[in-house]
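Residues per chain are reported as follows:
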Amino acid sequence: MRAAQIARPKGPFEIVEREIPQPAPGWVRIKVQACGVCHSDSLVKEGSWPGLEYPRIPGHEVVGVVDAVGTGVPQWKTGDRVGVGWHGGHCGYCDACRHGDFFGCQVAHRITGISFDGGYAEYMVAPAIAVAAVPVDLTPVEAAPLMCAGITTYNALRNSNARGGDVVAVLGLGGLGHLGVQYAAKMGFRTVGIARGKDKEALAKKLGAHHYIDSQAQDPAAELQKLGGAKVILATVTNGDAMSAVQGGLGLNGTLIVIGAAQSMQVSPLVLIGGARSVKGWYSGTAIDSQDTLKFSLMTGVRSMNEEYPFGKVADAYDRMMSGKARFRVVLTIP
Ligand SMILES: [Zn+2]
Ligand SMILES: [Zn+2]
């Protein structure tokens, strides 16, 4: 098979011939149809994930078809349309797993495209426990970005304390934020898009936002307070100052949910104390969360805006994603 590997930290993408992998007991093999290119793939490319073994095939927004099944896998059969996201498996018996905190598994917490080879290839193998069913009515290109960007925003919002009609703001209108606005609107929240510049307003409204705040021209915290204060602010940006600037827009018992990997941010204890407000992070989710994301997206029409690249142009696709100019997710198609 053809695969795009990184042979060493900061090395280039190399398209190589590899043996088609065989699924071990408890694993399945997937014939890959599409794989999203996510900013976290830079952890492999740049070598910033401690202990990562090279060569490594990145890719954790994978959609394809099961084409071989290892022993001890009752839940999948060849021909099933499936996807794999960031969460690449867990043991099921450690204390974290027994509490249902599979993302904190201490024994076999795997990450797709990091702990094992991912979807920048014609075939990949994945633990059966990490596989999600993909509805046939979603194309591979539509479904792929939902396996990371989609699940992260959808799952953060549905696990928040916001209820229908509450004010929910989404900070940033990029790869994560343009999905977050759509999910928030479809979940029935009074949805506020926050971004830099007047020119993003039309996009925010098109995605379903009821209000738009231009953080360059307006104080986003003051504007949110005019709406009664936000129950949730979903921070999708990677700029800590931008996150700090919105916390004053939280209403009573409001939560700033951080999913953008900023280096640091300032939090005001007085803001937290005075309104029983909180700041928390959110992890993407497991395979069933991906499956729920896809079903909700199909039901409500939520889709990412994608730029498609053929597999052979993987280096261009990666550069485009890293440039920050893609509108909004980059997806590799693999024939
Ligand atoms: Zn990702
Ligand atoms: Zn575990």
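What comes next concerns the included structure. The model shown is predicted, which means the values in this text are computed figures rather than measured ones.

The strand order across the open sheet formed by 6 strands is E10-E9-E8-E11-E12-E13, and the pairing between neighbours is parallel. A strand with exactly one partner marks an edge of an open sheet, and here the two such strands are strand E10 (211-214) and strand E13 (278-281). Taking each pair of neighbouring strands and ignoring which way they run, the sheet shows an average axis angle of 20 degrees. As judged from the 5 bridges shared by strand E11 (residues 230-235) and strand E12 (residues 250-258), these two strands associate in the parallel manner. Looking across to E12, one finds that Ala230 is bridged to Leu250.

Let us look at empty space enclosed by the protein. The full count for this structure, using the stated rule, is 2 cavities of 30 Å³ or more. Estimated volume of the largest cavity: approximately 50 Å³. In this structure, the largest cavity is lined by Gly85, Trp86, His87, Ala130, Ala132, Met147, Ile151, Ser284, Gly285, Thr286, Ala287 and Ser290. Taken together, the residues of the lining of the largest cavity break down into 6 nonpolar, 6 polar and no charged. Empty space within the second largest cavity amounts to approximately 30 Å³. Taken together, Ser40, Asp41, Val44, Pro58, Gly59, His60, Trp86, Thr112, Gly113 and Ile114 form the lining of the second largest cavity. Of the residues that constitute the lining of the second largest cavity, the class distribution is 4 nonpolar, 5 polar and 1 charged.

Within the first shell, the zinc ion (ligand 2) binds the protein through Cys91 (SG), Cys94 (SG), Cys97 (SG) and Cys105 (SG), at distances of 2.3 to 2.4 Å. Relative to the metal, the 4 donor atoms surrounding the zinc ion (ligand 2) lie at angles of 105 to 116 degrees, and the coordination shape comes out tetrahedral. One chain supplies every donor for the zinc ion (ligand 2), spaced along it as C-x2-C-x2-C-x7-C. Summarising the burial analysis for this pair, Cys97 and Cys105 share the class buried.

Let us look at the coordination of the zinc ion (ligand 1). Where a metal carries four tetrahedral donors, each ideal angle is 109.5 degrees; where it carries six octahedral donors, the ideal angles are 90 or 180 degrees. Summarising the metal site, the zinc ion (ligand 1) is bound by the protein donors Cys38 (SG), His60 (NE2) and Cys148 (SG), whose distances to it range over 2.0 to 2.2 Å. Here the donor residues for the zinc ion (ligand 1) map to a single chain with the spacing C-x21-H-x87-C. Placement of His60 in the loop between helix H1 (42-45) and strand E4 (62-69) and of Cys148 in the loop between helix H3 (140-143) and helix H4 (149-158) is noted, with a sequence separation of 88 residues between them.

Let's shift gears to the pairing of strand E14 (residues 306-310). Alternating residues of E14 divide into Glu307 and Tyr309, all buried, and Asn306, Glu308 and Pro310, none buried. Two strands pair when backbone bridges link them, and E14 and strand E15 (residues 329-333) are joined in this way by 5 bridges, in the parallel orientation. For Glu308, the partnering residue across the bridge sits in E15 and is Val331. With helix H11 (residues 314-323) bridging E14 and its parallel neighbour E15, the resulting β-α-β unit is right-handed.

Moving on, we come to the environment of Tyr120. Tracing the backbone shows Tyr120 in the loop between helix H2 (95-98) and strand E6 (123-127). Taking the C-alpha atoms as reference points, Tyr120 and Gly36, separated by 84 residues in sequence, lie 8.8 Å from one another. Only 2.6 Å separates the side chain of Tyr120 from the side chain of Asp41, close enough to count as a polar contact.

This brings us to the layout of surface pockets. If you add up the space inside the largest pocket, you get close to 1500 Å³. At the level of secondary structure, the elements contributing two or more residues to the lining of the largest pocket comprise H1, strand E9 (190-195), helix H8 (240-246), H11 and E15. Examining the composition of the lining of the largest pocket, we find that 4 residues originate from one element, H8, more than from any other. Here the lining of the largest pocket is built from residues that sort into 27 nonpolar, 14 polar and 5 charged. The computed volume of the second largest pocket comes to approximately 150 Å³.

Here the focus is the nonpolar core. Counting residues in each nonpolar core, the largest one holds 44 residues, and the members touching the most others are Val28, Ile30, Val37, Tyr120 and Val131. Elements with a minimum of two residues in this core: strand E1 (2-6), strand E3 (27-37), E4, strand E5 (81-84), E6, H11 and E15. When residues of this core are assigned to their parent elements, the largest contribution, 6 residues, is made by E3. Apart from residues no more than four positions distant in its own chain, Val131 is found in contact with Val28, Ile30, Trp76, Val82, Gly83, Val84, Ala126 and Ala287.

Parameters at a glance
- Residues numbered from 1 in each chain as written.
- Chains lettered and ligands numbered in written order.
- Predicted model: local features only at pLDDT ≥ 70, side-chain atom pairs only at ≥ 80, totals over all residues.
- Heavy atoms only, no water.
- Pairing = 2+ DSSP bridges.
- Helix = DSSP H or I, 4+ residues; strand = E, 2+ residues; numbered from the N terminus.
- Axes fitted to C-alpha atoms, helices over the stretch in contact; angles between N-to-C directions.
- 1 Å grid on protein atoms, 1.4 Å probe; cavity = no way out; pocket = protein on both sides within 12 Å on 5 of 7 lines; lining within 4 Å.
- Points joined across faces, edges and corners; volume = space filled by probe spheres on them.
- Nonpolar A, V, L, I, M, F, W, Y, C, P; charged D, E, K, R; others polar.
- Donors = N, O, S within 2.8 Å, 3.2 Å for Na, K, Ca; no water.
- Tetrahedral: all angles 85-135°; square planar, octahedral: opposite > 155°, others 65-115°.
- Buried < 20%, exposed > 50% of the residue type's maximum accessible area, 1.4 Å probe, protein only.
- Right-handed = clockwise from strand over helix to strand, strands pointing away.
- Polar contact = N/O pair within 3.5 Å; in protein donor to acceptor, adjacent residues only side chain to side chain.
- Core = buried A, V, L, I, M, F, W, Y, C linked by side-chain atoms within 4.5 Å.
- Contact = heavy atoms within 4.5 Å.

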